[in-house]
Amino acid sequence: VHRRLADPSAGGRATTTRLHDLLVSELASTVTPRVLDAGCGLGGTMLHLAVRLHGRCTGITLSADQAATANAAARQLGLAGSVSAVVGSYDTPPAGPFDVVVAIESLAHSPAPDISVAALAGVLAPGGMFVIVDDLPDAGAAASSDLATFKAGWRCPVLWGHDDYLRAFDGLALHVVTDRDLTDDTRPRALGTIRILETLNRLACGVLPFPGLRDVLRAHRGGLALERLTRRGLIRYRLLMAQRR
Ligand SMILES: C[S@@+](CC[C@H](N)C(=O)[O-])C[C@H]1O[C@@H](n2cnc3c(N)ncnc32)[C@H](O)[C@@H]1O
C-alpha cells in the first residue's frame, strides 16, 4: 500500500518494491531476523523480508481484512510458517523481542507518536533496528492549508517531523544509523494535474449521496494535498533507521 519509488531495476519506473529492495540492502547484515511490521497493511513488506532475509515476520494492523489478506497471501506462497499478521494496535505490540521493527507509512496515523514509538522501541532486542519510512513535514508546512487537508483526509492527527523522531530516538537510547531523504525518488503528479483532480473531487463530493463515499473522496483529496506538499518540498519522504544500544 506504500509509496512507489523510482526503481533502477525497472528502468526508472516507479515501483512499490523499490522500498523493499532498499530495506533489504540496508538490513543485509541481519541474519534470519525476527521482524515486527508495525502497521503491516496487506503484508507485502513481510513477504519480501521473509523471502529475501529469511526473516520470521509478525505483522500488526488495525484492520481485520488486511490481516486476513496478509495471512492468505503467506499461505499461498508457502510462507505461513514465517509470516503472520494479527489485528491490534502497535501501541501494545507483541512482546518480542524483535531484531527489526519496521513501520512504513503507519506511524503517521498515530494519535500519540511518543507512546507508539516508545512501545515499539520497547520490544527491540539489544542491537535491534527500528526502521521508519514516512511523510515528515518540514517546519514550513504548517503555513500551508494542504497540511490540514492531508492530515484530515488520511487521518494523521499529529504527524511528527524529522526532528521529533530524532528527539524521541535520543530519549530512548536509539542510535541513528541511516537517515535518507527519498523524496526525489517519489513521483507526485504535476501541480496542474493535481488542481484538475481536486476540482473533479469537489464536484463528485457535492453530488454523492453516501457519507462512506464522501470519506473515500476526502481521503483522495488528502492524497492530492500530500502530493502538492511533496512537490513543493514541504513534506519529505524519509527512511530513518535507529539501533538499540
Ligand atoms: C498506509 S498503510 C501502510 C501499510 C504497510 N506498512 C505498507 O507499507 O504497505 C497504514 C497501515 O497502518 C496501520 N495502522 C495505523 N494505525 C495503527 C495502529 N495504531 N496500530 C496498528 N496498525 C496501525 C493500518 O492498519 C495500515 O495497515
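Report follows, based on the coordinates. Treat the numbers as computed from the prediction; the structure is a model and nothing was measured.

## A short note on the packing of helix α7 (residues 191-207) against helix α8 (residues 211-231)
- Two elements in contact, α7 and α8, have axes whose closest approach is 10 Å; the angle formed by their N-to-C orientations is 165 degrees. In terms of axis orientation, α7 runs roughly antiparallel to α8. In the packing of α7 onto α8, the handedness of the crossing is left-handed. Contacts between α7 and α8 involve Leu191, Ile194, Arg195, Leu197, Glu198, Asn201, Arg202, Ala204 and Cys205 on the former and, on the latter, Arg214, Leu217, His220, Arg221, Leu224, Glu227, Arg228 and Arg231.
- Its residues assigned to classes, the contact of α7 with α8 shows seven nonpolar, two polar and eight charged.

## Digging into the site of the ligand
- Every one of the 16 residues lining the ligand counts as a neighbour, but His2, Gly39, Thr61, Gln66 and Tyr90 are closest to it.
- Note that an oxygen atom of the ligand is positioned 2.6 Å from one of the side-chain N or O atoms of Gln66.
- Within the backbone of Ile104, a nitrogen or oxygen atom sits 2.9 Å from a nitrogen atom of the ligand.
- When the free accessible area of the ligand is taken as 590 Å², the share hidden by the protein chains comes to 88%.
- Taken together, the residues of the shell around the ligand break down into six nonpolar, nine polar and one charged.

## Quick word on the nonpolar core
- One finds Leu19, Val83 and Val131 to be the most contacted residues of the largest nonpolar core, which totals 31 residues.
- For this core, the secondary structure elements donating two or more residues are α1 (17-26), α2 (44-52), α3 (64-76), β5 (83-87), β6 (98-104), β7 (124-137) and β9 (235-244).
- The residues contacting Leu19, other than those within four sequence positions of it, are His2, Leu5, Ile104, Val133, Leu182 and Tyr237.
- One finds Phe98, Ile132, Trp160 and Tyr165 within the second-largest nonpolar core, a separate group that totals 23 residues.

Conventions adopted
- Residues numbered from 1 in each chain as written.
- Predicted model: local features only at pLDDT ≥ 70, side-chain atom pairs only at ≥ 80, totals over all residues.
- Heavy atoms only, no water.
- Axes fitted to C-alpha atoms, helices over the stretch in contact; angles between N-to-C directions.
- Helix = DSSP H or I, 4+ residues; strand = E, 2+ residues; numbered from the N terminus.
- Parallel < 35°, antiparallel > 145°, perpendicular 65-115°, else oblique.
- Left-handed = near helix turned anticlockwise from the far one by under 90°.
- Contact = heavy atoms within 4.5 Å.
- Nonpolar A, V, L, I, M, F, W, Y, C, P; charged D, E, K, R; others polar.
- Near = heavy atom within 4 Å.
- Polar contact = N/O pair within 3.5 Å; in protein donor to acceptor, adjacent residues only side chain to side chain.
- Areas by Shrake-Rupley, 256 points an atom, 1.4 Å probe, with all protein chains shown as cover.
- Core = buried A, V, L, I, M, F, W, Y, C linked by side-chain atoms within 4.5 Å.
- Buried < 20%, exposed > 50% of the residue type's maximum accessible area, 1.4 Å probe, protein only.

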